[in-house]
Amino acid sequence: SSSLSLSRFCRTQCDLPTAIMGHSILNRVASLSSFLPSCKPFNLQVADLYCSACKCALCEDCLPNHAEHPKVALSQALEQHRNNLQERLGTVQDRLPQISDVLSFVKEILQQLTNQRASIEEDIQSSFEDLHKQLDVRKSVLLMELEVTYGLKQKVLQAQIDSLLRGEGDMTATCTQAEEALAGDPCVASLQVERELWERLGELAGLGLPCQPEENDQLDLVMETDGLRKSIHNLGTIVTTSAVASQSEAMGAGLEQCIVGHPASVTIVTRDKSGGACKSGNAILSAEVFTPDGSIVDGEIVDHKNGTYEFVYTVPKEGDFSLALRLYDQHIKGSPFKLTVTKTLEAELDVGSKRVVYENISMNKGEFTNLQGVAASSNGRILIADSNNQCVQIFSNEGEFKSRFGVRGRSPGQLQRPTGVAVHPSGDIIIADYDNKWVSIFSCEGKFKAKLGSGRLMGPKGVSVDQNGHVIVVDNKACTVFIFQLTGKLITKFGSRGNGDKQFAGPHFAAVNKNNEIIVTDFHNHSVKVFTLEGELVLKFGSNGEGNGQFNAPTGVAVDINGNIIVADWGNSRIQVFDGSGSFLSYINTSADPLYGPQGLALTSDGHVVVADSGNHCFKVYRYLQ
C-alpha cells in the first residue's frame, strides 16, 4: 500500500504543470516539499530517477514497478521541466504586448463608435429640429395665405351684403310711407307728398343692386401628405456593416500586374468575423497604389451595394508598386499586394510646341514623401502637407526651409495623413488629416489648438478658407463639401457621389474666388465645378482628355487676383489656366523638367505659382505672367 500511495503522489506531482497556475503552483510546490519526509514511516528513500513514461519521480520501492519504463536522472528531469516552463512563460509573455496593442485598438474603435453615435444623435436632433422649423414656417405661411384669401373674398361678399341691406332698407321705408299715404283720404294737401313718393318709388324700382353673388364660397386645402408621410417614414437610415478586415479578401488581375496608362481593377469581397459574406454596402474602404519611395497613385472605389467593391486605378509609369487595401483603416487579407506595372508602346504626350507662360525659378527636392496640399501665406511663406512624413513643412517664397511640425499618431494634435493645408486670416494653420478623419487647427508656430469635423468627415482631402473666415473641407470619401465655423460648428454641406452637376467622384481640393464662390476639382469626373456657399452650381467646365481645357483627373486649384482659375491636371502632369467663366487660356510646358502627378497648388504672396510635384517628391515654383 505504501508503494501505491507514493505512486499516487508521484502522478499528482506530474499533473501539477497543467492543473495549477500562478500562486497555487507555489503553494503546491511548498506542499510537495513538506510531503517528502512523509516517506519515513514507510522507510522509503526517493531515488535520483524520474520515469519519463509516468512523468513522476521514483522512490526505491517504486523502481521494480517501473523497470521497463524509460528513466532519466531526476535532476535532468527537473531542469527540463524548468526549461519547458520558462519557454511556455516566454511564449505567453511575448503575446502580452500584442494583446495590449489589440486591446488599445479595440478600445479606440469603441471610442470612435461612441463618438460617432453622439455625432449622429446630434445630426438627428438637428435635422428634425430643422424639419420642425420648416414645418412651422410652412404652417405659418399657409395660415397667412388662408387669412389673406379669406379676407379678400369676405370683403367682396360683405360689401355686397351692405349694399343690399341699404337698398332693402330704403325700399322698405319708402313702401311704408306710400302705404300710409294711400290709406288716407285724397286731398290737395297730400298731393305733393304723394308725387314725391311716386318719384322715389320710381328710383327704387330702377335701382341697380347686386342681385347675383359677386364671390363664391370655395376655400379648400390641398395637402398632399401621403408622399410626405412615406418620405418621413423612410427618412434617415442608420448605415453600418459587420465587415472586418481580417476576413475580407480581394481578387482580380489587378492585384498582381497592370499596364502603364491602362485601367486595372480589383474586386474586394467583405466578410464578417465568421467569414460569412456581407450582403450590404457602405463599408469604409481605402485603396492606395504606392512605390517604395512613397508616391501614391489615386483610384476610384465603386460600391456595388451588395458587400462587394471594385477598385479601379491607372498607373502612369512602369515599375514595382504595392497595392494596399484597407477596410476601416486595417489591411485586408494579403494586403499590401506586390504589383508589377509594365510599359506600353503608346507615344508620350508632346507638349513641346505649345505656348509657355511660366518660367521655372526654383525647386526643393529630396525632403518629402508624397507631398499633397500646398498653401501660401501673406507673410511670404509656403506650407507643404507632407503626407507620408506626417508633418507640415514651411519654406520661404525662395524655397529656403524654415520649420516643420507634426507628430505621427491618431490623437488630437497628431497627424496621420495630412493631405490639405490652408492659412486662416488669423494666421492659424488648418490641416486636413485624411486618415484621422478630422481637420486640425494649429497656431502659426505649430502649436495644436483644436480639431473639427470629427465624427462627420470620412476622408478630408483639401481645405480652404472663404471670405467669412469659414473653413471649407473637401471630403474625398464622402464626395461632399463641408463648411465649418472655426469653432467646429457645421454651417452647411452639399454634394454626394455621382456624376451629376451637384455630385462628385473623388473631389480633391478647393479654392474661393472674389465672389466668395467655392471652386472644387472633381477628380474622377474630370471637371471643375463652382458653387455658391449654399451649394448651388454656378459653373462647370472640363471633360476627360488631353486637349486644351480637358483634364485627366484635376487636383490642385487656385484663383488669381483677376479671377483666373489655375488647375493642376494630375493625369496629364500639367497646369492649366482658365478665365473666370471656365474658358481655357494657357498652360505650362513641362517637357524640360516634367511634372509627375501634381497635387495641390497655390499662389504665393509675390505672385508665383507653387505646385506640389508629388511623384518627384518636390515642390516647384513658377513665375506667373498675369
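Residues numbered from 1 in each chain as written. Predicted model: local features only at pLDDT ≥ 70, side-chain atom pairs only at ≥ 80, totals over all residues. Heavy atoms only, no water.

A. Spatial organisation of the overall build of the chain. Along the backbone of the chain there are 5 helices and 37 strands. Within the chain, counting contacts between residues at least 6 apart in sequence, those at least 24 apart form 52% of the total. Here the chain displays about 34500 Å² of accessible surface, and carbon together with sulfur accounts for 53% of that area. (Helix = DSSP H or I, 4+ residues; strand = E, 2+ residues; numbered from the N terminus. Contact = heavy atoms within 4.5 Å. Areas by Shrake-Rupley, 256 points an atom, 1.4 Å probe, with all protein chains shown as cover.)

B. Up close: the pattern of salt bridges. One pass over the structure, following the stated rule, counts 19 salt bridges. For E288, the salt bridge identified is with R326, shortest N-O distance 3.4 Å. A residue pair is termed long-range when its members are at least 10 positions apart, and E288 in strand 7 (residues 285-290) and R326 in strand 11 (residues 319-327) qualify at 38 residues. E288 sits in the buried class, given a relative accessible area of 10%. Between D329 and K437 there is a salt bridge, and its shortest N-O distance comes to 2.8 Å. (Salt bridge = Lys/Arg side-chain N within 4 Å of Asp/Glu carboxyl O. Buried < 20%, exposed > 50% of the residue type's maximum accessible area, 1.4 Å probe, protein only.)

C. Main features of the sheet that holds strand 24 (residues 471-475). Spatially, 4 strands are ordered 23-24-25-26 in an open sheet, and the strand pairing comes out antiparallel. Of all the strands in the sheet, just strand 23 (460-465) and strand 26 (490-494) have a single pairing partner and so form its edges. Ignoring strand direction, the axes of neighbouring strands in this sheet form an average angle of 20°. Bridge count between strand 25 (residues 480-484) and strand 26: 4 bridges; the pairing is antiparallel. Counterpart to I483 in the pairing with strand 26 is T492. (Pairing = 2+ DSSP bridges. Axes fitted to C-alpha atoms, helices over the stretch in contact; angles between N-to-C directions.)

D. Local environment of the packing of aromatic side chains. Across all of its chains, the model carries 16 aromatic pairs by this definition. Between F541 and F578, the aromatic rings sit 4.8 Å apart at their centres with planes inclined by 45°, giving tilted as the arrangement. Placement of the pair is F541 in strand 30 (residues 537-541) and F578 in strand 33 (residues 574-578), with a sequence separation of 37 residues. Judged on exposure class, the residue F541 and its partner F578 are both buried. Cluster of aromatic residues (ring-pair linked, three or more members): F541, F551, F578, F584 and Y587. The cationic tip of K451 hangs over the ring face of W438; the distance from NZ or CZ to the ring centre is 3.9 Å. (Phe/Tyr/Trp six-rings, centres within 6.5 Å; stacked < 30°, edge-to-face > 60°. Lys NZ or Arg CZ within 6 Å of the ring centre and 35° of its normal.)

E. Quick peek at the packing of helix 3 (residues 74-183) against helix 4 (residues 188-205). Viewed as axis vectors pointing N to C, helix 3 and helix 4 meet at an angle of 150°, and their least axial separation amounts to 10 Å. Pair helix 3 / helix 4 crosses with left-handed handedness. Contacts from D170, M171, T174, C175, Q177, A178 and A181 in helix 3 reach E194, L197, R200, L201 and L204 in helix 4. For the contact of helix 3 with helix 4, the class distribution of residues is 7 nonpolar, 2 polar and 3 charged. (Left-handed = near helix turned anticlockwise from the far one by under 90°. Nonpolar A, V, L, I, M, F, W, Y, C, P; charged D, E, K, R; others polar.)

F. Expanded view of the confidence of the model for the chain. In the predicted model, the chain carries a mean pLDDT of 84, and the fraction of residues at 70 or more is 87%. Residue range residues 1-44 is modelled with pLDDT below 50. Its contacts to residues more than four positions away, or to other chains, number 30 contacts. (pLDDT = per-residue confidence, 0-100.)

G. Spotlight on unusual backbone geometry. Between S335 and the following residue, P336, the backbone shows a cis peptide bond with an omega angle of 0°. Looking at the secondary structure, you find P336 in the loop between strand 12 (330-331) and strand 13 (337-342). Positive phi values are uncommon outside glycine, yet N370 reaches one of about 65°. Although it is not a glycine, H526 sits at a positive phi angle of roughly 55°. Turning to its location among the elements, H526 is positioned in the loop between strand 28 (518-522) and strand 29 (527-531).

H. Structural view of the side chain of H508. For H508, the position within the fold is in strand 27 (residues 507-512). There is a polar contact of 3.0 Å between the side chain of H508 and the backbone oxygen of G506. (Polar contact = N/O pair within 3.5 Å; in protein donor to acceptor, adjacent residues only side chain to side chain.)

I. Looking closely at helix 4. Relative to the 26 Å expected for 18 residues at 1.5 Å per residue, helix 4 spans 26 Å between its end C-alpha atoms, a close match to the ideal helical length. Looking at helix 4, one finds that the buried residues are S190, L197 and L204. Buried positions in helix 4, seen along its axis, are confined to an arc of 40° and lie on one side of it. Exposed residues on helix 4 whose side chains face more than 90 degrees from its buried face are V188, L191, W198 and E203. Contacts made by the buried residues of helix 4 are with helix 3. (Expected span 1.5 Å × (residues − 1). Arc of directions from axis to C-beta.)

J. Highlighting the pairing of strand 35 (residues 598-603). Most of strand 35 is tucked away: 6 of the 6 residues are buried. Pairing of strand 35 with strand 36 (residues 608-613), which is carried by 4 bridges, proceeds in the antiparallel orientation. The partner of L601 across the bridge, within strand 36, is V611.

K. Representation of the sheet that holds strand 16 (residues 381-386). Reading across from one edge, 15-16-17-18 is the order of the 4 strands in this open sheet, with antiparallel pairing throughout. The open sheet is flanked by strand 15 (371-376) and strand 18 (401-405), the only strands paired with a single partner. When the angles between neighbouring strand axes are averaged without regard to direction, this sheet yields 20°. With 6 bridges joining them, strand 16 and strand 17 (residues 391-396) adopt antiparallel strand pairing. Across the sheet, L383 pairs through a bridge with I394, a residue of strand 17.

L. Inspection of the environment of Q503 at higher detail. Position of Q503 among the secondary structure elements: in the loop between strand 26 and strand 27. Each C-alpha atom of the pair Q503 and D522 lies 8.8 Å from the other, and the pair is 19 residues apart in sequence. Apart from residues lying up to four places away in sequence, Q503 is in contact with S496, R497, G498, D522, N525 and K529. In this structure the side chain of Q503 is engaged in a polar contact, spanning 3.3 Å, whose partner is the side chain of S496.

M. Molecular detail of the nonpolar core. Core analysis: the largest hydrophobic core is formed by 30 residues, its most contacted members being A250, I268, V289, F311, Y313, L323 and L325. Only strand 4 (244-251), strand 6 (264-271), strand 7, strand 10 (308-313), strand 11 and strand 13 provide two or more residues apiece to this core. Among the elements that line this core, the one with the most residues is strand 11, at 4 residues. Counting residues domain by domain, this core receives three or more from each of domain 1 (244-342) and domain 2 (370-622). If near-sequence neighbours (up to four positions away) are discounted, L325 is found in contact with A250, L255, V266, I268, S286, A287, F311, Q330, H331, I332, S335 and F337. (Core = buried A, V, L, I, M, F, W, Y, C linked by side-chain atoms within 4.5 Å. Domains from an automatic or database assignment.)

N. The arrangement of a nonpolar patch on the surface in detail. On the surface, a nonpolar cluster with roughly 490 Å² of combined accessible area is contributed by I120, I124, F128, L131, L235 and I238. Mapped onto the secondary structure, I238 falls in the loop between helix 5 (225-233) and strand 4. The exposed category is assigned to I238, whose relative accessible area is 62%. (Patch = residues over 30% accessible without salt bridge, like charges linked within 9 Å, V, L, I, M, F, W, Y side chains within 5 Å.)

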